[in-house]
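As a plain string of letters, each chain reads:
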Amino acid sequence: LGKVATRRGTAGGGKILQVLFDSTATQVEITGTAQTATGLSIAITPSATSSKIAIFANISSILKKDGDTNVNLNLTRGGSGISNFGAALADSGSTAYNSVAGQGISYLDSPSSTSELTYAVTFGKGNASGAARVQQSSGMSTMIVMEIGA
């Protein structure tokens, strides 16, 4: 009772090599369905191909209005989607105004690259009806990107 297994040895890898931060409070509104920049974007150049990249982001004040639609959020690397981390957000099943306080993501990427990589968060709508916003009323969205050594 009360025993805790311990493991002894030399720790290897897992060192944080870089930490980068971005934030925005600029409201962005869309009426189409195309994925659109939220304003969060960070470029990082990994120091080794074995490095992992940890991405943490929080998108604030998400809403849809004037149509029966919803909002989706995507994490991209180099413009290509790598994670859909918010699907059908603010969906009320009606044309009513509906909002979500925020949506977060934690993602661990293994890009196997030493070239500059740009991570960004985009958003879109489920259909052409109505409009969608992020950072409504200047809500603050944030993003942290970290390189973790192998």
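So, here is what we can say about the structure in this document. (Residues numbered from 1 in each chain as written. Predicted model: local features only at pLDDT ≥ 70, side-chain atom pairs only at ≥ 80, totals over all residues. Heavy atoms only, no water.)

1. Considerations on the sheet that holds strand β3 (residues 36-44)
Read from one edge to the other, the open sheet built from 4 strands follows the order β3-β8-β5-β6, with strand pairing classed as antiparallel. Two strands lie at the open edges of the sheet, namely β3 and β6 (80-89), each paired on one side alone. Strand-to-strand twist across the sheet, computed as the mean angle between neighbouring axes with direction ignored, equals 15°. (Pairing = 2+ DSSP bridges. Helix = DSSP H or I, 4+ residues; strand = E, 2+ residues; numbered from the N terminus. Axes fitted to C-alpha atoms, helices over the stretch in contact; angles between N-to-C directions.)

2. Concerning the pairing of strand β8 (residues 117-125)
Extensive coverage of β8 is indicated by the burial of 8 of its 9 residues. Pairing between β3 and β8: 6 bridges, direction antiparallel. Pairing of A43 across the sheet is with T118, part of β8. Where strand β5 (residues 71-77) meets β8, 7 bridges bridge the pair, whose relative direction is antiparallel. (Buried < 20%, exposed > 50% of the residue type's maximum accessible area, 1.4 Å probe, protein only.)

3. Comments concerning the nonpolar core
Within the largest apolar cluster, 24 residues are counted, with the highest numbers of intra-cluster contacts made by I59, L73, Y119, V121, F123, M143 and V145. For this core, the secondary structure elements donating two or more residues are β2 (28-30), β3, β4 (52-65), β5, β6, β8, β9 (131-134) and β10 (141-148). The contacts of V145, once residues within four sequence positions are left out, are Q18, V19, L20, I42, I44, I53, A54, I55 and Y119. (Core = buried A, V, L, I, M, F, W, Y, C linked by side-chain atoms within 4.5 Å. Contact = heavy atoms within 4.5 Å.)

4. Considerations on the environment of S141
Structurally, S141 is set in strand β10. On the basis of relative accessibility, which here comes to 0%, the residue S141 falls in the buried class. Along the chain, S141 and A25 lie 116 residues apart, while their C-alpha atoms are 6.2 Å from each other. Leaving out residues up to four positions away in the same chain, S141 has contacts with D22, S23, T24, L40, N58, I59, S60 and Q135. Polar side-chain contacts of S141 include one of 2.9 Å to the backbone nitrogen of S60. One polar contact links S141 to Q135, side chain to side chain, over a distance of 2.7 Å. (Polar contact = N/O pair within 3.5 Å; in protein donor to acceptor, adjacent residues only side chain to side chain.)

5. Observations concerning the environment of A131
For A131, the position within the fold is in strand β9. Judged by relative accessible area, A131 falls into the buried class, the value being 4%. Each C-alpha atom of the pair A131 and T95 lies 10 Å from the other, and the pair is 36 residues apart in sequence. Apart from the residues within four sequence positions on either side, A131 is in contact with E29, I30, T31, L63, K64, K65 and K125.

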